[in-house]
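# Understanding the architecture of this molecule
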Amino acid sequence: MATIADVARKAGVSVSTVSHVVNGTRRVAPDTARAVEAAIASLSYRPNIMARSLKAASTRSVGIAISSISNPYFSDIICAIETECARLGMMVFLSDTEDDPGRELDVVMALHQRRVDGIILAPSPDPGRRALAYLREVGLPCVLVDRMPDPAFDQVGINNREAMRNLVARVAAHGHHRIGYVGGNPGFATTLERIAGYREGLATAGGVVDERLLVTGSATTNSAMQAAERLLDLDQPPTAMVGGNNLATIGIMKAIHRRGLRVPKDISIVGFDDFEWADCFEPRLTLVAQPCAEIGRRAAFLLMERIAAPEGARRTIQLDAAIIERESCGRPK
């Protein structure tokens, strides 16, 4: 079994440097940290967690409180967090908040009572932000993922506004002027950011926002389908539709199929959040792809950093998203 000294020799650093990388007790130069991480992976080194925990009064565990665990988007983020935590010798406790503010608070309190060293949280649409207030009061290290409503915490996500602006501008460039939007819960920071991007994308293309074409509150595929059908029933229906998240996009597709419309001949569709079966639709869907693995990895790394330095300056990391252009967006009839 490899020891910390073996890792130090392979990485060409001191034992104390390896210890700082593993425990997050001091900032290490990025190149040095990568060399240590590569040595750890190569030697399959596993820290003596129990001994470290007793010495540092740490449980070497973190909590993940995220809604809609079955949603492929969050599943990908969770897998990346768990992989990174396991590499650092941290046990993960996972709980679904179901986007319910009361349950979210209960989950956060329960994780704290189980003495986790920190929490990674996708905040629910709670106007009172009770879970965040509790975390701030007890001083438990926390990183927010996807939804970034409070810079008093470390946060990791993407630039939703810019990504949506670019997506809508891309649709408008095909000649569409009436672009419908089906978004998620307006209590989420991500929803509001994407709506702002939708408006800016239309403005950039010289268009005017018709408020009748903008619908939010679609938390399921069925509610999104119903919202899309309302847009299709307008006297002047949209010639293209944008899904504000993966569930909204699927709901729009259901509505379009129920009406017997052809994509993109009769109507175009694009969406936010790429997912594995997007290539299985006919035609294949044009979507915004978020760097889920990187979001999860950065969140885990930030949490380790905050556990090691609770008073350190909080950071908000906004990653870039990419538009995966396929065949679902064409010119209007």
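Residues numbered from 1 in each chain as written. Predicted model: local features only at pLDDT ≥ 70, side-chain atom pairs only at ≥ 80, totals over all residues. Heavy atoms only, no water.

Labelled according to an unreviewed UniProt entry, the protein appears under the name LacI family transcriptional regulator, originating from Bradyrhizobium iriomotense.

### Notes on helix α11 (residues 246-258)
Definition in use: Put simply, DSSP H or I for four residues or longer makes a helix, DSSP E for two residues or longer makes a strand, and each gets a number counted from the N terminus. Helix span, expected: 1.5 Å multiplied by one less than the number of residues in the helix. Note on classification: 1.4 Å probe, protein chains only; a residue is buried when its accessible area is under 20% of the maximum for its type, exposed when over 50%, partly exposed between these limits. Any two residues whose heavy atoms approach within 4.5 Å are treated as being in contact. Any N or O atom pair separated by 3.5 Å or less is treated as a polar contact, with the protein-specific requirement of one donor-capable and one acceptor-capable atom, and with residues adjacent in sequence counted only for side-chain atom pairs.
Its 13 residues give α11 an end-to-end C-alpha distance of 19 Å, which sits within 8% of 18 Å, the value for a rise of 1.5 Å per residue. Listed in full, the buried residues belonging to α11 are N246, A248, T249, I250, G251, I252, M253, A255 and I256. Turning to α11, the residues buried within the fold contact α5 (72-87), β6 (179-182), α10 (221-232), β8 (240-243), β9 (268-272) and β10 (286-289). The N-cap of α11, judged by a side-chain oxygen 3.2 Å from the amide nitrogen of L247 a few residues on, is N245. Where α11 ends, the next residue or the one after it, G260, has phi of about 70°, a positive value.

### Here's the deal with the side chain of Q290
In this fold, Q290 is placed in the loop between β10 and α12 (292-308). Among the residues examined, Q290 registers a relative accessible area of 11% and is labelled buried. A polar contact is formed between the side chain of Q290 and the side chain of Y73, at a distance of 3.3 Å. Residue contacts for Q290: discarding those within four places in its chain leaves Y73, D146, I158, R194, F272, D273 and I295.

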